[in-house]
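Analysis of the macromolecular model
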Amino acid sequence: MVRLKEKDGGVVFFVKAQPRSSRSAIIGEYDGTIKISLKAAPVDDAANVECCRFLAKSLGVASSRVRILSGHSSRIKRLTIDGMGAAEAATLFGEHLESVEFDL
């Protein structure tokens, strides 16, 4: 079950990033996180930039609204999307993760 939490006017969630993949994609749920593959390598912050840019594009929000709060050098990252509630995020992620339950 993916955990989404509202905090400071946005939604906070965890992502497990898999860099150096053949393409960037939302894979599914992994141990309470959203697992995504990233085409970029984890060099010079490229994977972090790709993570934010890809999620923003996939969810249809401005890339400036998606930020990494912690885990810049880890595969498990805590992200926020500013100006979005947990219910709205669950709906948007649900379009990509059909069989995943969300803990609001």
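It should be noted that the structure appears before, not after, this text.
**Details of the overall build of the chain**
- For the chain, the helix and strand inventory stands at two helices and eight strands.
- For the chain, the α and β elements follow one another from N to C terminus as β-β-β-β-β-α-β-β-α-β.
- A globule of 104 residues ought to have a C-alpha radius of gyration of about 13 Å, and the chain, at 12 Å, matches this closely.
- Its C-alpha atoms give the chain principal-axis dimensions of about 35 × 30 × 20 Å.
- As presented, the chain carries roughly 5,700 Å² of accessible surface, and 46% of it is formed by carbon and sulfur atoms.
- Taking the 15 positively charged and 13 negatively charged side chains of the chain as two groups, their mean positions are separated by 7 Å.

**Regarding unusual backbone geometry**
- The phi dihedral of D8 falls on the positive side, at around 50°, and the residue is not glycine.
- Phi angles above zero are rare outside glycine, and R20 is one such case at about 60°.
- Relative to the assigned elements, R20 resides in the loop between β3 (10–18) and β4 (25–30).

**A few points about the side chain of S21**
- Tracing the chain through its elements places S21 in the loop between β3 and β4.
- With relative accessibility at 16%, the residue S21 sits in the buried group.
- Ignoring anything within four residues of it in the chain, the contact list for S21 reads S37, L38 and K39.

Calculation notes
- Residues numbered from 1 in each chain as written.
- Predicted model: local features only at pLDDT ≥ 70, side-chain atom pairs only at ≥ 80, totals over all residues.
- Heavy atoms only, no water.
- Helix = DSSP H or I, 4+ residues; strand = E, 2+ residues; numbered from the N terminus.
- Rg over C-alpha atoms; globule rule 2.2 N^0.38 Å.
- Areas by Shrake-Rupley, 256 points an atom, 1.4 Å probe, with all protein chains shown as cover.
- Lys, Arg positive; Asp, Glu negative; His and termini not counted.
- Charge placed at Lys NZ, Arg CZ, Asp CG, Glu CD.
- Buried < 20%, exposed > 50% of the residue type's maximum accessible area, 1.4 Å probe, protein only.
- Contact = heavy atoms within 4.5 Å.

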